[in-house]
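# Coordinate analysis (summary)
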Amino acid sequence: MIKIWRRNWYWFGGILFVALSFFMGFWGVRLLSHIQVIMVFSFMAMLVHQVEEYGWPGGFPSITNIVQFKETKIPDRYPFNQNLTFVDNVFTTYTFYIVPIFFPQLIWLALAQILAALIQLPAHGIIANIRLKSFYNPGLGAAVFLQLPLAIYTIWYVSTNSLATGWDFVFGVLGGIIGYALCFGVPVMLMRDRNSKYPFAPEEMFGYAKEKAMKILNS
């Protein structure tokens, strides 16, 4: 089962997104506080972000390993490999996004969760686009059309309703930066392995920017 989950975690995330859509539509908005509703929607936006990166249009493994890190010898497993992306996108990221839902009174946690998503904007909207020499890369759509509006709305809602102190915003910013590092940076540092037994499957390796990645590999 773990092998199937590791290979298809982003599609399982897509199924979870559908399930949460039904739950929120029928019961969630009545059972949860407004802050909790925002946090659930933020988690759902991240699920879409992950599907966009690894499922459709996909290609994040080749974009990262080949285009950004210029790895041509073992691009299917270094620096990112299938197990690394499974761990950092499911276990660490899900934890970071789900915990604030259960502690809505800790506004700084909610702010940390929502502000961490804003880091996706420069990562996808500037850095990745510059390296790809493109106006789009997988993950940018969810970052611009889902995560950014949610962040703006959350900051507006918290501010206008005086739900947060200045320290909440300070801890929120720090928590967002630290949380992003723990979710993505630390797993990459600890789990990258040139001898990894978990290469990406050929069908998940390439997607968007396949032509550019293949050009680098064949050069």
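Please refer to the structure higher up on the page.
Heads up: these notes are all about the structure in this document. Every value quoted in this text rests on a predicted model; they were computed, and no experiment measured them.

Of the regular secondary structure elements, the chain holds 10 helices and zero strands. Helices and strands in the chain line up, N terminus first, as α-α-α-α-α-α-α-α-α-α. The C-alpha radius of gyration of the chain comes to 18 Å, within 12% of the 17 Å expected for a compact globule of 219 residues. For the chain, the spread of C-alpha atoms along the principal axes amounts to about 55 × 35 × 30 Å. The proportion of buried residues among the 219 residues of the chain is 48%. Element-wise, carbon and sulfur atoms account for 71% of the exposed surface of the chain, whose accessible area totals about 11200 Å². Positive and negative side-chain charges of the chain, numbering 15 and 10 respectively, have mean locations separated by a distance of 5 Å.

Below, the discussion takes up a positive patch on the surface. A cluster of basic residues, K70, R131, K133 and K215, forms a positive patch at the surface. Among the secondary structure elements, K133 is positioned in the loop between α6 (120–132) and α7 (140–160).

Time to look at the nonpolar core. Here is a general trend for soluble globular proteins: nonpolar side chains tend to be buried in one another's company. One finds I35 and M39 to be the most contacted residues of the largest nonpolar core, which totals 48 residues. With 11 residues, the single largest contributor to this core is helix α2 (residues 34–54). In this structure, I35 is in contact with P104, I107, A110, Y157, V158 and L163, ignoring residues within four places of it in sequence.

Looking at the secondary structure, you find H49 in helix α2. Using a relative accessible area of 1% as the deciding quantity, one classes H49 as buried. Engagement of the side chain of H49 in a polar contact is seen with the side chain of Q147, the distance being 3.3 Å. Apart from the residues lying within four places of it in its own chain, the contact partners of H49 are Q120, H124, G139, A142, A143 and Q147.

By the secondary structure assignment, W27 is in helix α1 (residues 2–31). For W27 and I107, which are 80 residues apart along the polypeptide, the C-alpha to C-alpha distance reads 23 Å.

This part is about unusual backbone geometry. The omega angle of the peptide bond from W56 to P57 is 0°, so this bond is cis rather than trans. Inspection of the secondary structure assignment puts P57 in the loop between α2 and α3 (60–68). Each neighbour pair has its own omega, and for Y78 with P79 the value is -5°, a cis peptide bond. By the secondary structure assignment, P79 is in the loop between α3 and α4 (82–102). With phi around 60°, K70 is a residue other than glycine that occupies positive phi space. Judged by relative accessible area, K70 falls into the exposed class, the value being 53%. Phi is positive for A209, which is not a glycine, with a value near 70°. In this structure, A209 sits in the loop between α9 (202–205) and α10 (210–218).

The rules behind each value
- Residues numbered from 1 in each chain as written.
- Predicted model: local features only at pLDDT ≥ 70, side-chain atom pairs only at ≥ 80, totals over all residues.
- Heavy atoms only, no water.
- Helix = DSSP H or I, 4+ residues; strand = E, 2+ residues; numbered from the N terminus.
- Rg over C-alpha atoms; globule rule 2.2 N^0.38 Å.
- Buried < 20%, exposed > 50% of the residue type's maximum accessible area, 1.4 Å probe, protein only.
- Areas by Shrake-Rupley, 256 points an atom, 1.4 Å probe, with all protein chains shown as cover.
- Lys, Arg positive; Asp, Glu negative; His and termini not counted.
- Charge placed at Lys NZ, Arg CZ, Asp CG, Glu CD.
- Patch = residues over 30% accessible without salt bridge, like charges linked within 9 Å, V, L, I, M, F, W, Y side chains within 5 Å.
- Salt bridge = Lys/Arg side-chain N within 4 Å of Asp/Glu carboxyl O.
- Core = buried A, V, L, I, M, F, W, Y, C linked by side-chain atoms within 4.5 Å.
- Contact = heavy atoms within 4.5 Å.
- Polar contact = N/O pair within 3.5 Å; in protein donor to acceptor, adjacent residues only side chain to side chain.

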